[in-house]
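# Descriptive analysis of the structure
Read off the chains here:
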Amino acid sequence: MTEPSSQYILAIDLGTSGPKAALFTTRGELVHHTFEPTRLILLPDGGAEQDPDDWWSAIRKATRRLLAESPVPVDRIVAVSGTAQWSGTVAVDKNGRHLMNAVIWMDSRGAPYVKRVTDGWLTFDGYSLRKLPRWIRLTGGIPSGSGKDPVAHILYLQSVRPDVYEKTYKFLEPKDYINLRLTGLFAASYDSIALHWVTDNRNLSAVRYDDKLLGYSTLDPGKLPALGRAVDVLGPLRPQAAEDLGLGRDVQVVLGTPDVQSAAVGSGAVRDYEGHLYIGTSSWITCHVPFKKTDVLHNMACLPSAIPDRYFIANEQETAGGCLNHLRDNILFPRDGLSGAEAPPDILQTLDRIVGGVPPGSGRLIFLPWLYGERTPVEDRYVRGGFFNLSLNTTREHMIRAVFEGVAYNARWLLGCVERFVKRPFPCLNMIGGGAKSDVWCGILADVLGRTIRQVEDPILANARGAAFLAAVALGHLRVEEIPERIRIRRTFDPDPARREVYDELFREFLHLYKANRRIFARLNLVGPGA
(Lines give C-alpha, C1' and ligand atoms only; values in the text may rest on other atoms or scores of the structure.)
Protein backbone atom coordinates (compact mmCIF):
# COMPACT_ATOMS: atom_id res chain seq x y z
CA MET A 1 0.00 0.00 0.00
CA THR A 2 1.25 3.46 -0.86
CA GLU A 3 0.42 6.52 1.21
CA PRO A 4 -2.32 8.88 -0.05
CA SER A 5 -0.85 11.56 -2.27
CA SER A 6 -1.96 14.51 -4.35
CA GLN A 7 -2.54 12.31 -7.37
CA TYR A 8 -5.78 12.07 -9.29
CA ILE A 9 -7.78 9.69 -11.47
CA LEU A 10 -9.88 10.64 -14.49
CA ALA A 11 -13.00 8.47 -14.57
CA ILE A 12 -14.99 8.25 -17.80
CA ASP A 13 -18.54 6.90 -17.56
CA LEU A 14 -20.11 6.39 -20.99
CA GLY A 15 -23.86 6.09 -20.42
CA THR A 16 -26.57 5.78 -23.05
CA SER A 17 -27.34 9.49 -22.78
CA GLY A 18 -23.67 10.48 -22.99
CA PRO A 19 -20.36 10.41 -21.08
CA LYS A 20 -19.59 11.85 -17.69
CA ALA A 21 -15.99 12.83 -16.99
CA ALA A 22 -14.99 13.12 -13.34
CA LEU A 23 -11.82 13.73 -11.37
CA PHE A 24 -11.25 11.84 -8.13
CA THR A 25 -8.37 11.64 -5.70
CA THR A 26 -6.73 8.26 -5.35
CA ARG A 27 -8.81 7.87 -2.14
CA GLY A 28 -12.06 8.24 -4.04
CA GLU A 29 -12.89 11.86 -3.19
CA LEU A 30 -14.72 13.76 -5.92
CA VAL A 31 -13.06 16.92 -7.19
CA HIS A 32 -15.20 17.93 -10.18
CA HIS A 33 -17.32 16.40 -12.93
CA THR A 34 -19.04 17.28 -16.19
CA PHE A 35 -21.32 15.71 -18.80
CA GLU A 36 -21.74 15.82 -22.57
CA PRO A 37 -24.84 14.37 -24.31
CA THR A 38 -24.80 11.95 -27.23
CA ARG A 39 -27.48 10.87 -29.69
CA LEU A 40 -29.49 7.64 -29.49
CA ILE A 41 -30.75 6.15 -32.76
CA LEU A 42 -33.87 3.96 -32.44
CA LEU A 43 -34.88 2.07 -35.57
CA PRO A 44 -38.33 0.68 -36.46
CA ASP A 45 -37.10 -2.92 -36.63
CA GLY A 46 -35.98 -3.04 -32.99
CA GLY A 47 -32.57 -1.56 -33.69
CA ALA A 48 -30.79 0.72 -31.21
CA GLU A 49 -27.50 2.29 -32.26
CA GLN A 50 -25.02 5.04 -31.43
CA ASP A 51 -22.13 6.53 -33.38
CA PRO A 52 -18.76 5.72 -31.74
CA ASP A 53 -17.36 8.97 -33.16
CA ASP A 54 -20.06 10.79 -31.18
CA TRP A 55 -18.88 8.95 -28.07
CA TRP A 56 -15.28 10.01 -28.57
CA SER A 57 -16.15 13.57 -29.48
CA ALA A 58 -18.31 13.88 -26.36
CA ILE A 59 -15.59 12.32 -24.17
CA ARG A 60 -13.06 14.76 -25.61
CA LYS A 61 -15.33 17.77 -24.99
CA ALA A 62 -16.29 16.65 -21.49
CA THR A 63 -12.69 15.92 -20.48
CA ARG A 64 -11.27 19.17 -21.82
CA ARG A 65 -14.03 21.15 -20.11
CA LEU A 66 -13.40 19.24 -16.89
CA LEU A 67 -9.68 20.02 -16.97
CA ALA A 68 -10.37 23.69 -17.72
CA GLU A 69 -12.79 24.02 -14.81
CA SER A 70 -10.83 21.94 -12.30
CA PRO A 71 -8.06 23.26 -10.05
CA VAL A 72 -6.13 19.98 -10.48
CA PRO A 73 -2.82 20.33 -12.39
CA VAL A 74 -2.83 18.04 -15.41
CA ASP A 75 0.51 16.53 -14.43
CA ARG A 76 -1.08 15.19 -11.21
CA ILE A 77 -3.48 12.95 -13.15
CA VAL A 78 -1.93 9.49 -13.12
CA ALA A 79 -4.64 7.24 -14.54
CA VAL A 80 -7.75 6.99 -16.68
CA SER A 81 -10.37 4.41 -15.77
CA GLY A 82 -13.45 3.83 -17.87
CA THR A 83 -16.88 2.31 -17.44
CA ALA A 84 -19.68 2.17 -19.99
CA GLN A 85 -23.07 0.84 -20.94
CA TRP A 86 -22.90 -2.94 -21.07
CA SER A 87 -24.09 -5.46 -23.66
CA GLY A 88 -23.14 -3.46 -26.75
CA THR A 89 -21.10 -4.30 -29.84
CA VAL A 90 -18.66 -2.21 -31.84
CA ALA A 91 -17.21 -3.81 -34.99
CA VAL A 92 -13.69 -2.48 -35.69
CA ASP A 93 -11.05 -3.20 -38.31
CA LYS A 94 -7.34 -3.89 -37.73
CA ASN A 95 -6.63 -0.17 -37.54
CA GLY A 96 -9.21 0.26 -34.79
CA ARG A 97 -11.71 2.09 -37.00
CA HIS A 98 -15.36 1.25 -36.40
CA LEU A 99 -17.12 -0.15 -39.45
CA MET A 100 -20.66 0.96 -38.57
CA ASN A 101 -22.63 2.41 -35.67
CA ALA A 102 -22.37 0.63 -32.35
CA VAL A 103 -25.20 -1.82 -31.70
CA ILE A 104 -26.18 -1.11 -28.09
CA TRP A 105 -27.89 -2.93 -25.23
CA MET A 106 -31.44 -2.02 -26.32
CA ASP A 107 -31.07 -3.60 -29.78
CA SER A 108 -33.14 -6.78 -30.27
CA ARG A 109 -32.60 -7.45 -33.98
CA GLY A 110 -30.49 -10.51 -33.20
CA ALA A 111 -33.35 -12.45 -31.59
CA PRO A 112 -34.13 -14.78 -34.52
CA TYR A 113 -30.44 -15.46 -35.13
CA VAL A 114 -29.55 -16.30 -31.53
CA LYS A 115 -32.49 -18.72 -31.48
CA ARG A 116 -30.80 -20.70 -34.24
CA VAL A 117 -27.74 -21.39 -32.04
CA THR A 118 -29.67 -22.08 -28.81
CA ASP A 119 -32.30 -24.35 -30.38
CA GLY A 120 -32.13 -28.13 -30.73
CA TRP A 121 -34.24 -31.20 -31.32
CA LEU A 122 -35.03 -31.50 -27.59
CA THR A 123 -35.43 -28.19 -25.77
CA PHE A 124 -36.32 -26.53 -22.48
CA ASP A 125 -37.84 -23.06 -22.82
CA GLY A 126 -36.31 -22.78 -26.30
CA TYR A 127 -32.82 -24.01 -25.32
CA SER A 128 -31.21 -27.23 -26.49
CA LEU A 129 -30.93 -29.70 -23.62
CA ARG A 130 -27.61 -30.79 -25.09
CA LYS A 131 -26.13 -27.28 -24.89
CA LEU A 132 -27.91 -25.79 -21.89
CA PRO A 133 -25.99 -27.56 -19.08
CA ARG A 134 -22.57 -26.49 -20.38
CA TRP A 135 -23.66 -22.89 -20.92
CA ILE A 136 -24.97 -22.61 -17.36
CA ARG A 137 -22.14 -24.56 -15.74
CA LEU A 138 -19.33 -22.60 -17.40
CA THR A 139 -20.74 -19.11 -17.94
CA GLY A 140 -23.46 -18.91 -15.30
CA GLY A 141 -26.10 -18.03 -17.89
CA ILE A 142 -27.37 -18.48 -21.42
CA PRO A 143 -27.75 -16.26 -24.50
CA SER A 144 -30.88 -14.17 -24.06
CA GLY A 145 -33.79 -14.91 -26.37
CA SER A 146 -34.46 -11.17 -26.50
CA GLY A 147 -31.54 -10.73 -28.91
CA LYS A 148 -30.02 -7.97 -26.78
CA ASP A 149 -26.75 -9.73 -25.86
CA PRO A 150 -23.53 -9.15 -27.86
CA VAL A 151 -23.60 -12.72 -29.14
CA ALA A 152 -26.95 -11.92 -30.78
CA HIS A 153 -25.62 -8.62 -32.16
CA ILE A 154 -22.72 -10.44 -33.79
CA LEU A 155 -24.96 -13.15 -35.22
CA TYR A 156 -27.24 -10.44 -36.62
CA LEU A 157 -24.28 -8.79 -38.38
CA GLN A 158 -23.08 -12.18 -39.58
CA SER A 159 -26.42 -12.79 -41.28
CA VAL A 160 -27.65 -9.33 -42.28
CA ARG A 161 -24.41 -7.36 -42.69
CA PRO A 162 -21.91 -9.98 -43.93
CA ASP A 163 -19.85 -7.16 -45.46
CA VAL A 164 -19.27 -5.69 -41.99
CA TYR A 165 -18.75 -9.10 -40.40
CA GLU A 166 -16.05 -10.10 -42.88
CA LYS A 167 -14.13 -6.83 -42.44
CA THR A 168 -14.30 -6.96 -38.64
CA TYR A 169 -11.01 -7.62 -36.87
CA LYS A 170 -12.50 -7.50 -33.35
CA PHE A 171 -15.94 -7.09 -31.81
CA LEU A 172 -15.68 -4.91 -28.71
CA GLU A 173 -17.94 -3.86 -25.86
CA PRO A 174 -18.38 -0.05 -25.60
CA LYS A 175 -16.01 0.17 -22.63
CA ASP A 176 -13.39 -1.84 -24.48
CA TYR A 177 -13.80 0.29 -27.61
CA ILE A 178 -13.07 3.42 -25.56
CA ASN A 179 -9.97 1.70 -24.18
CA LEU A 180 -8.94 0.99 -27.77
CA ARG A 181 -9.22 4.70 -28.53
CA LEU A 182 -7.19 5.46 -25.41
CA THR A 183 -4.40 2.91 -25.85
CA GLY A 184 -4.59 1.35 -29.31
CA LEU A 185 -4.96 -2.09 -27.66
CA PHE A 186 -7.73 -4.63 -28.29
CA ALA A 187 -8.74 -6.08 -24.92
CA ALA A 188 -11.75 -6.98 -22.78
CA SER A 189 -12.15 -7.61 -19.07
CA TYR A 190 -13.42 -10.85 -17.57
CA ASP A 191 -16.65 -9.06 -16.66
CA SER A 192 -17.24 -7.12 -19.90
CA ILE A 193 -16.98 -10.27 -22.06
CA ALA A 194 -19.44 -12.27 -19.94
CA LEU A 195 -22.58 -11.54 -21.99
CA HIS A 196 -21.03 -13.09 -25.07
CA TRP A 197 -21.64 -16.41 -23.24
CA VAL A 198 -18.49 -18.06 -24.57
CA THR A 199 -16.17 -17.89 -21.54
CA ASP A 200 -15.54 -20.34 -18.71
CA ASN A 201 -15.63 -18.20 -15.55
CA ARG A 202 -15.56 -20.95 -12.94
CA ASN A 203 -12.01 -19.88 -12.09
CA LEU A 204 -12.26 -16.11 -11.67
CA SER A 205 -8.51 -15.64 -11.68
CA ALA A 206 -8.20 -17.13 -15.17
CA VAL A 207 -11.37 -16.64 -17.22
CA ARG A 208 -10.90 -18.07 -20.71
CA TYR A 209 -12.76 -18.69 -23.95
CA ASP A 210 -14.24 -22.18 -24.21
CA ASP A 211 -13.96 -24.02 -27.53
CA LYS A 212 -17.29 -25.84 -27.22
CA LEU A 213 -19.19 -22.67 -26.30
CA LEU A 214 -17.60 -20.90 -29.25
CA GLY A 215 -18.78 -23.80 -31.39
CA TYR A 216 -22.31 -23.57 -30.01
CA SER A 217 -22.46 -19.85 -30.72
CA THR A 218 -20.67 -20.08 -34.10
CA LEU A 219 -18.55 -17.05 -33.07
CA ASP A 220 -15.08 -16.79 -34.57
CA PRO A 221 -12.59 -16.66 -31.64
CA GLY A 222 -10.20 -14.69 -33.83
CA LYS A 223 -12.68 -11.81 -33.83
CA LEU A 224 -12.81 -11.61 -30.03
CA PRO A 225 -10.34 -9.64 -27.85
CA ALA A 226 -7.73 -10.80 -25.35
CA LEU A 227 -8.92 -10.99 -21.74
CA GLY A 228 -7.75 -9.49 -18.44
CA ARG A 229 -8.97 -8.32 -15.02
CA ALA A 230 -10.84 -5.08 -14.52
CA VAL A 231 -8.05 -3.90 -12.19
CA ASP A 232 -5.25 -4.63 -14.65
CA VAL A 233 -3.29 -1.70 -16.08
CA LEU A 234 -3.76 -1.91 -19.83
CA GLY A 235 -1.00 0.54 -20.74
CA PRO A 236 -0.25 4.24 -21.23
CA LEU A 237 -2.29 6.65 -23.31
CA ARG A 238 -1.35 6.64 -26.96
CA PRO A 239 -0.09 10.04 -28.17
CA GLN A 240 -3.20 10.91 -30.16
CA ALA A 241 -5.51 10.17 -27.22
CA ALA A 242 -3.32 12.21 -24.87
CA GLU A 243 -3.50 15.13 -27.28
CA ASP A 244 -7.27 14.78 -27.77
CA LEU A 245 -7.96 14.77 -24.03
CA GLY A 246 -5.26 17.21 -22.97
CA LEU A 247 -3.44 14.70 -20.74
CA GLY A 248 0.15 13.61 -20.33
CA ARG A 249 1.41 10.64 -22.34
CA ASP A 250 2.56 8.78 -19.21
CA VAL A 251 -1.01 8.51 -17.85
CA GLN A 252 -1.91 4.85 -17.34
CA VAL A 253 -5.19 3.32 -18.54
CA VAL A 254 -6.89 0.76 -16.31
CA LEU A 255 -8.87 -1.98 -18.08
CA GLY A 256 -12.04 -1.01 -16.19
CA THR A 257 -15.53 -2.49 -16.14
CA PRO A 258 -19.07 -2.10 -17.52
CA ASP A 259 -21.66 0.08 -15.80
CA VAL A 260 -23.48 -2.54 -13.73
CA GLN A 261 -20.24 -3.67 -12.11
CA SER A 262 -18.83 -0.17 -11.61
CA ALA A 263 -22.11 0.89 -9.98
CA ALA A 264 -21.87 -2.03 -7.58
CA VAL A 265 -18.44 -0.79 -6.52
CA GLY A 266 -19.38 2.90 -6.52
CA SER A 267 -22.48 2.26 -4.40
CA GLY A 268 -20.22 1.16 -1.56
CA ALA A 269 -22.09 -2.14 -1.24
CA VAL A 270 -19.04 -4.32 -1.88
CA ARG A 271 -19.34 -6.83 0.96
CA ASP A 272 -21.20 -10.06 0.25
CA TYR A 273 -25.01 -9.71 0.43
CA GLU A 274 -24.95 -5.91 0.67
CA GLY A 275 -27.53 -4.77 -1.87
CA HIS A 276 -27.85 -1.69 -4.01
CA LEU A 277 -30.64 -0.34 -6.21
CA TYR A 278 -29.82 1.60 -9.35
CA ILE A 279 -32.39 3.83 -11.03
CA GLY A 280 -31.03 5.36 -14.24
CA THR A 281 -32.30 4.90 -17.80
CA SER A 282 -32.61 1.24 -16.80
CA SER A 283 -32.65 -0.30 -13.32
CA TRP A 284 -31.30 -3.23 -11.33
CA ILE A 285 -30.99 -4.64 -7.82
CA THR A 286 -27.84 -6.61 -7.12
CA CYS A 287 -25.17 -7.58 -4.62
CA HIS A 288 -21.89 -9.47 -4.47
CA VAL A 289 -22.07 -13.13 -3.50
CA PRO A 290 -19.54 -15.85 -2.60
CA PHE A 291 -21.07 -18.45 -4.91
CA LYS A 292 -21.91 -19.19 -8.55
CA LYS A 293 -25.59 -19.82 -9.32
CA THR A 294 -28.17 -19.34 -12.08
CA ASP A 295 -31.93 -18.71 -12.06
CA VAL A 296 -33.01 -19.49 -15.62
CA LEU A 297 -36.70 -18.79 -14.99
CA HIS A 298 -36.06 -15.20 -13.86
CA ASN A 299 -33.07 -14.47 -16.14
CA MET A 300 -30.55 -13.91 -13.31
CA ALA A 301 -27.07 -15.32 -12.85
CA CYS A 302 -23.86 -14.87 -10.89
CA LEU A 303 -21.29 -13.34 -13.23
CA PRO A 304 -17.74 -12.06 -12.73
CA SER A 305 -17.54 -8.85 -10.72
CA ALA A 306 -15.03 -6.08 -11.33
CA ILE A 307 -13.61 -6.96 -7.90
CA PRO A 308 -11.02 -9.73 -8.35
CA ASP A 309 -12.26 -13.24 -7.55
CA ARG A 310 -15.83 -12.14 -6.77
CA TYR A 311 -19.23 -12.75 -8.35
CA PHE A 312 -22.24 -10.44 -8.44
CA ILE A 313 -25.88 -11.10 -9.36
CA ALA A 314 -26.61 -9.87 -12.87
CA ASN A 315 -30.11 -8.63 -13.69
CA GLU A 316 -31.62 -5.62 -15.40
CA GLN A 317 -34.98 -3.95 -15.90
CA GLU A 318 -35.02 -2.18 -19.23
CA THR A 319 -36.70 1.16 -18.50
CA ALA A 320 -36.89 3.01 -15.17
CA GLY A 321 -35.68 6.61 -15.35
CA GLY A 322 -36.25 6.17 -19.09
CA CYS A 323 -39.98 6.14 -18.32
CA LEU A 324 -39.68 9.55 -16.69
CA ASN A 325 -37.75 10.88 -19.68
CA HIS A 326 -40.44 9.54 -21.99
CA LEU A 327 -43.14 11.22 -19.90
CA ARG A 328 -41.23 14.51 -20.01
CA ASP A 329 -40.42 14.49 -23.72
CA ASN A 330 -43.60 13.00 -25.17
CA ILE A 331 -46.43 13.95 -22.81
CA LEU A 332 -45.51 16.86 -20.53
CA PHE A 333 -43.19 18.88 -22.77
CA PRO A 334 -43.34 17.44 -26.30
CA ARG A 335 -41.08 19.10 -28.86
CA ASP A 336 -43.86 19.44 -31.40
CA GLY A 337 -44.50 23.16 -31.07
CA LEU A 338 -48.03 22.59 -29.78
CA SER A 339 -47.53 22.80 -26.02
CA GLY A 340 -45.68 26.11 -26.10
CA ALA A 341 -43.67 25.13 -23.03
CA GLU A 342 -40.20 23.80 -22.43
CA ALA A 343 -39.15 21.45 -19.67
CA PRO A 344 -37.62 23.35 -16.74
CA PRO A 345 -33.93 22.65 -16.12
CA ASP A 346 -34.78 21.34 -12.64
CA ILE A 347 -37.42 18.95 -13.99
CA LEU A 348 -36.85 16.30 -11.30
CA GLN A 349 -37.34 18.85 -8.52
CA THR A 350 -40.47 20.11 -10.26
CA LEU A 351 -41.88 16.59 -10.54
CA ASP A 352 -40.95 15.91 -6.91
CA ARG A 353 -43.10 18.87 -5.83
CA ILE A 354 -46.01 17.64 -7.93
CA VAL A 355 -45.75 14.00 -6.83
CA GLY A 356 -45.41 15.00 -3.18
CA GLY A 357 -48.88 16.53 -3.34
CA VAL A 358 -50.61 13.39 -4.67
CA PRO A 359 -51.77 10.69 -2.19
CA PRO A 360 -50.05 7.28 -2.41
CA GLY A 361 -51.64 5.03 -5.01
CA SER A 362 -52.25 7.80 -7.59
CA GLY A 363 -56.01 7.43 -7.40
CA ARG A 364 -55.58 3.68 -8.12
CA LEU A 365 -53.95 4.46 -11.46
CA ILE A 366 -51.24 1.92 -12.35
CA PHE A 367 -48.38 2.64 -14.76
CA LEU A 368 -46.69 -0.26 -16.57
CA PRO A 369 -43.02 0.66 -17.19
CA TRP A 370 -42.13 -1.83 -19.93
CA LEU A 371 -41.54 0.69 -22.71
CA TYR A 372 -38.93 -1.37 -24.57
CA GLY A 373 -39.57 -4.94 -23.49
CA GLU A 374 -38.19 -6.48 -20.31
CA ARG A 375 -35.23 -8.61 -19.23
CA THR A 376 -35.81 -9.46 -15.57
CA PRO A 377 -37.59 -10.86 -13.67
CA VAL A 378 -39.23 -11.93 -16.94
CA GLU A 379 -37.56 -12.00 -20.31
CA ASP A 380 -40.19 -10.63 -22.66
CA ARG A 381 -39.25 -8.46 -25.62
CA TYR A 382 -42.89 -7.96 -26.62
CA VAL A 383 -44.30 -6.53 -23.39
CA ARG A 384 -45.11 -2.81 -23.43
CA GLY A 385 -46.07 -0.05 -21.04
CA GLY A 386 -49.13 2.06 -20.42
CA PHE A 387 -51.51 3.56 -17.88
CA PHE A 388 -54.21 1.27 -16.51
CA ASN A 389 -57.44 2.42 -14.84
CA LEU A 390 -57.59 5.91 -16.31
CA SER A 391 -60.83 7.79 -15.61
CA LEU A 392 -62.29 11.27 -16.00
CA ASN A 393 -61.05 11.92 -12.48
CA THR A 394 -57.43 11.16 -13.45
CA THR A 395 -55.23 14.25 -13.53
CA ARG A 396 -51.79 14.90 -14.94
CA GLU A 397 -50.53 14.86 -11.35
CA HIS A 398 -51.90 11.33 -10.88
CA MET A 399 -50.12 10.20 -14.05
CA ILE A 400 -46.78 11.62 -12.95
CA ARG A 401 -46.92 9.93 -9.55
CA ALA A 402 -48.10 6.69 -11.19
CA VAL A 403 -44.88 6.61 -13.24
CA PHE A 404 -42.78 6.90 -10.06
CA GLU A 405 -44.85 4.14 -8.44
CA GLY A 406 -44.92 1.86 -11.51
CA VAL A 407 -41.13 1.77 -11.64
CA ALA A 408 -41.17 0.98 -7.91
CA TYR A 409 -43.62 -1.91 -8.41
CA ASN A 410 -41.31 -3.36 -11.06
CA ALA A 411 -38.38 -3.03 -8.65
CA ARG A 412 -40.39 -4.85 -5.97
CA TRP A 413 -41.05 -7.68 -8.42
CA LEU A 414 -37.32 -7.98 -9.01
CA LEU A 415 -36.47 -7.61 -5.30
CA GLY A 416 -38.50 -10.69 -4.41
CA CYS A 417 -36.63 -12.76 -6.99
CA VAL A 418 -33.20 -11.50 -5.90
CA GLU A 419 -33.89 -12.12 -2.21
CA ARG A 420 -35.03 -15.67 -2.97
CA PHE A 421 -31.87 -16.10 -5.04
CA VAL A 422 -29.61 -15.17 -2.10
CA LYS A 423 -31.94 -16.79 0.49
CA ARG A 424 -32.12 -13.72 2.72
CA PRO A 425 -33.81 -10.31 2.77
CA PHE A 426 -31.90 -7.07 2.33
CA PRO A 427 -32.34 -4.93 5.45
CA CYS A 428 -31.48 -1.90 3.34
CA LEU A 429 -30.45 -0.92 -0.17
CA ASN A 430 -27.92 1.74 -1.18
CA MET A 431 -29.66 3.74 -3.91
CA ILE A 432 -27.75 5.29 -6.79
CA GLY A 433 -28.36 6.65 -10.29
CA GLY A 434 -30.23 9.73 -11.41
CA GLY A 435 -33.44 8.51 -9.78
CA ALA A 436 -31.75 8.63 -6.39
CA LYS A 437 -31.60 12.44 -6.67
CA SER A 438 -35.35 12.45 -6.03
CA ASP A 439 -36.19 12.38 -2.33
CA VAL A 440 -39.80 11.60 -3.21
CA TRP A 441 -38.84 8.62 -5.37
CA CYS A 442 -36.53 7.31 -2.62
CA GLY A 443 -39.46 7.52 -0.21
CA ILE A 444 -41.85 5.78 -2.61
CA LEU A 445 -39.34 2.99 -3.17
CA ALA A 446 -38.87 2.52 0.58
CA ASP A 447 -42.65 2.25 1.02
CA VAL A 448 -43.26 -0.05 -1.98
CA LEU A 449 -40.26 -2.32 -1.33
CA GLY A 450 -40.65 -2.32 2.45
CA ARG A 451 -36.91 -1.79 2.79
CA THR A 452 -34.78 1.06 4.11
CA ILE A 453 -33.34 3.11 1.26
CA ARG A 454 -29.92 4.71 1.83
CA GLN A 455 -29.52 7.60 -0.60
CA VAL A 456 -25.87 7.73 -1.64
CA GLU A 457 -24.36 11.19 -2.00
CA ASP A 458 -23.72 12.23 -5.61
CA PRO A 459 -25.73 9.21 -6.80
CA ILE A 460 -25.37 9.93 -10.53
CA LEU A 461 -21.61 9.58 -10.15
CA ALA A 462 -21.68 6.07 -8.68
CA ASN A 463 -20.41 4.49 -11.91
CA ALA A 464 -17.58 7.01 -12.28
CA ARG A 465 -16.75 6.65 -8.59
CA GLY A 466 -16.62 2.87 -8.99
CA ALA A 467 -14.27 3.22 -11.96
CA ALA A 468 -12.04 5.53 -9.90
CA PHE A 469 -12.02 3.09 -6.97
CA LEU A 470 -10.92 0.30 -9.32
CA ALA A 471 -8.08 2.43 -10.65
CA ALA A 472 -7.02 3.26 -7.08
CA VAL A 473 -7.00 -0.47 -6.30
CA ALA A 474 -5.04 -1.18 -9.48
CA LEU A 475 -2.39 1.41 -8.58
CA GLY A 476 -2.14 0.29 -4.93
CA HIS A 477 -3.67 3.39 -3.34
CA LEU A 478 -6.74 1.63 -1.92
CA ARG A 479 -7.93 -1.79 -0.79
CA VAL A 480 -11.39 -3.09 -1.70
CA GLU A 481 -12.16 -3.47 2.02
CA GLU A 482 -11.74 0.28 2.48
CA ILE A 483 -14.35 1.25 -0.12
CA PRO A 484 -17.47 1.27 2.12
CA GLU A 485 -15.92 3.86 4.45
CA ARG A 486 -15.28 6.13 1.46
CA ILE A 487 -19.03 6.36 0.67
CA ARG A 488 -21.23 9.09 2.14
CA ILE A 489 -24.96 8.53 2.73
CA ARG A 490 -26.94 11.73 2.23
CA ARG A 491 -30.23 10.56 3.75
CA THR A 492 -32.00 7.41 4.92
CA PHE A 493 -35.65 6.61 4.05
CA ASP A 494 -37.54 4.09 6.18
CA PRO A 495 -40.77 2.42 4.99
CA ASP A 496 -44.05 3.91 6.24
CA PRO A 497 -46.32 1.05 7.44
CA ALA A 498 -49.40 3.25 6.90
CA ARG A 499 -48.80 3.22 3.14
CA ARG A 500 -48.04 -0.47 2.90
CA GLU A 501 -51.65 -1.64 2.56
CA VAL A 502 -52.42 0.45 -0.52
CA TYR A 503 -49.11 -0.46 -2.18
CA ASP A 504 -49.50 -4.18 -1.40
CA GLU A 505 -52.88 -4.19 -3.15
CA LEU A 506 -51.69 -2.25 -6.19
CA PHE A 507 -48.56 -4.37 -6.51
CA ARG A 508 -50.69 -7.52 -6.68
CA GLU A 509 -52.72 -5.93 -9.47
CA PHE A 510 -49.49 -4.87 -11.21
CA LEU A 511 -48.45 -8.53 -11.43
CA HIS A 512 -51.94 -9.54 -12.57
CA LEU A 513 -51.79 -6.97 -15.36
CA TYR A 514 -48.65 -8.55 -16.80
CA LYS A 515 -50.04 -12.06 -16.60
CA ALA A 516 -53.38 -11.06 -18.11
CA ASN A 517 -51.92 -9.06 -20.99
CA ARG A 518 -48.65 -10.74 -22.00
CA ARG A 519 -50.25 -12.67 -24.87
CA ILE A 520 -51.91 -9.51 -26.12
CA PHE A 521 -48.55 -7.72 -26.09
CA ALA A 522 -47.02 -10.60 -28.04
CA ARG A 523 -49.73 -10.46 -30.69
CA LEU A 524 -49.47 -6.69 -31.02
CA ASN A 525 -45.68 -6.56 -31.19
CA LEU A 526 -44.62 -9.64 -33.14
CA VAL A 527 -43.65 -7.27 -35.96
CA GLY A 528 -40.74 -6.09 -33.78
CA PRO A 529 -39.95 -4.36 -30.48
CA GLY A 530 -39.68 -0.97 -32.11
CA ALA A 531 -43.23 -1.04 -33.46
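In case you missed it, the structure is sitting above this.
Computed from a prediction, not measured in an experiment: that's the story for all the values here.

## Points about the environment of Ile-347
Tracing the chain through its elements places Ile-347 in helix α11 (residues 347-356). For the pair Ile-347 and Ala-306, spaced 41 residues apart in sequence, the C-alpha separation works out to 34 Å. Residues in contact with Ile-347, not counting those within four places in the same chain, are Arg-328 and Phe-333.

## Some remarks on the sheet that holds strand β27 (residues 452-456)
The sheet built from five strands is open, its strands ordered β19-β18-β26-β27-β28 with mixed pairing. If you trace the sheet from one side to the other, it starts and ends with β19 (283-286) and β28 (489-493), each paired once. Taking the axes of each pair of neighbouring strands and ignoring which way they run, one obtains an average angle of 20° across the sheet. For strand β26 (residues 428-432) and β27, the ladder comprises four bridges, and the chain directions are parallel. Within β27, the residue paired with Leu-429 across the bridge is Ile-453.

## Some thoughts on a nonpolar patch on the surface
Taken together, the side chains of Trp-121, Leu-122, Phe-124, Leu-129 and Leu-297 make up a nonpolar region of the molecular surface, amounting to roughly 620 Å² of accessible area. Tracing the sequence through the fold places Leu-297 in the loop between β21 (294-295) and β22 (300-304). Exposure remark for Leu-297: the relative accessible area of 61% places this residue in the exposed category.

## As for the packing of helix α2 (residues 111-118) against helix α4 (residues 150-160)
It is at 8 Å that the axes of α2 and α4 come closest, and there the two elements cross at 105°. One way to sum up the angle between α2 and α4 is to call them roughly perpendicular. Within the contact between the two elements, α2 uses Tyr-113, Val-114, Arg-116 and Val-117 and α4 uses Val-151, Ala-152, Leu-155, Tyr-156, Ser-159 and Val-160. Each residue belonging to the contact of α2 with α4 can be placed in one class, and the counts come to eight nonpolar, one polar and one charged.

Calculation notes
Residues numbered from 1 in each chain as written. Predicted model: local features only at pLDDT ≥ 70, side-chain atom pairs only at ≥ 80, totals over all residues. Heavy atoms only, no water. Helix = DSSP H or I, 4+ residues; strand = E, 2+ residues; numbered from the N terminus. Contact = heavy atoms within 4.5 Å. Pairing = 2+ DSSP bridges. Axes fitted to C-alpha atoms, helices over the stretch in contact; angles between N-to-C directions. Patch = residues over 30% accessible without salt bridge, like charges linked within 9 Å, V, L, I, M, F, W, Y side chains within 5 Å. Areas by Shrake-Rupley, 256 points an atom, 1.4 Å probe, with all protein chains shown as cover. Salt bridge = Lys/Arg side-chain N within 4 Å of Asp/Glu carboxyl O. Buried < 20%, exposed > 50% of the residue type's maximum accessible area, 1.4 Å probe, protein only. Parallel < 35°, antiparallel > 145°, perpendicular 65-115°, else oblique. Nonpolar A, V, L, I, M, F, W, Y, C, P; charged D, E, K, R; others polar.

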